[in-house]
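As a plain string of letters, each chain reads:
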Amino acid sequence: MGDAYLWTKTFHIVLIASWFAGLFYLPRIFVNLADEKNPEVYARLLGMANRLFRFMTILAVPALLLGFTLWLHFKIGAGEIWMHAKLFFVILVIGYHHACWSLLKKFRNGVNTRSGVWYRWFNEVPVILLLIVTALVVIKP
């Protein structure tokens, strides 16, 4: 398919991996925020969470655009069932990202009601989503 395809795919993979690093780490910060009583430490953790969310959002946008380029321009998975399933799970990943934003706003406003244990479970969601999406891309069932 040529160099453009290979570079698009390369950047897509790197950006997805980087975005997911943020999706894995932000809820870990939430675990600490939920349990933190010291206002200075809370403020530092909240600053970390804000910066990480902003950075992972910046990574998500080109990652998604490159994914759509691979699908629509290079016709990767066009018309195939595995691609439809993958797109469904990508929408769930975007939903998870949005859920992180909603939770972060609650921490900013000091109205979080969830425990650190809940955030530990919440932190497992992107692992499962990444496993499913990767399996769909590699196995192409």
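Criteria and thresholds
Residues numbered from 1 in each chain as written. Predicted model: local features only at pLDDT ≥ 70, side-chain atom pairs only at ≥ 80, totals over all residues. Heavy atoms only, no water. UniProt positions renumbered as here; feature names shortened; annotations may be inferred. Patch = residues over 30% accessible without salt bridge, like charges linked within 9 Å, V, L, I, M, F, W, Y side chains within 5 Å. Areas by Shrake-Rupley, 256 points an atom, 1.4 Å probe, with all protein chains shown as cover. Salt bridge = Lys/Arg side-chain N within 4 Å of Asp/Glu carboxyl O. Helix = DSSP H or I, 4+ residues; strand = E, 2+ residues; numbered from the N terminus. Buried < 20%, exposed > 50% of the residue type's maximum accessible area, 1.4 Å probe, protein only.

- As annotated in an unreviewed UniProt entry, the protein carries the name Protoporphyrinogen IX oxidase and is attributed to Polynucleobacter aenigmaticus.
- We quote the UniProt Subunit (unreviewed entry) comment for the protein here in full: "Homodimer."
- Per UniProt, the comment on the protein under Subcellular location (unreviewed entry) is "Cell membrane".

**Side note on a nonpolar patch on the surface**
Thought 1: On the surface, Val137, Val138 and Ile139 cluster together into a nonpolar patch covering about 280 Å² of accessible area.
Thought 2: Structurally, Val138 can be placed in helix 5 (residues 125–139).

**Side note on unusual backbone geometry**
Thought 1: Despite not being glycine, Lys75 has its phi angle at roughly 65 degrees, a positive value.
Thought 2: Following the sequence through the fold, Lys75 ends up in the loop between helix 2 (39–72) and helix 3 (81–108).
Thought 3: A relative accessible area of 55% places Lys75 in the exposed class.
Thought 4: Non-glycine residue Lys140 carries a positive phi angle of around 50 degrees.
Thought 5: Within the secondary structure, Lys140 is located in the segment after helix 5.
Thought 6: Judged by relative accessible area, Lys140 falls into the partly exposed class, the value being 42%.

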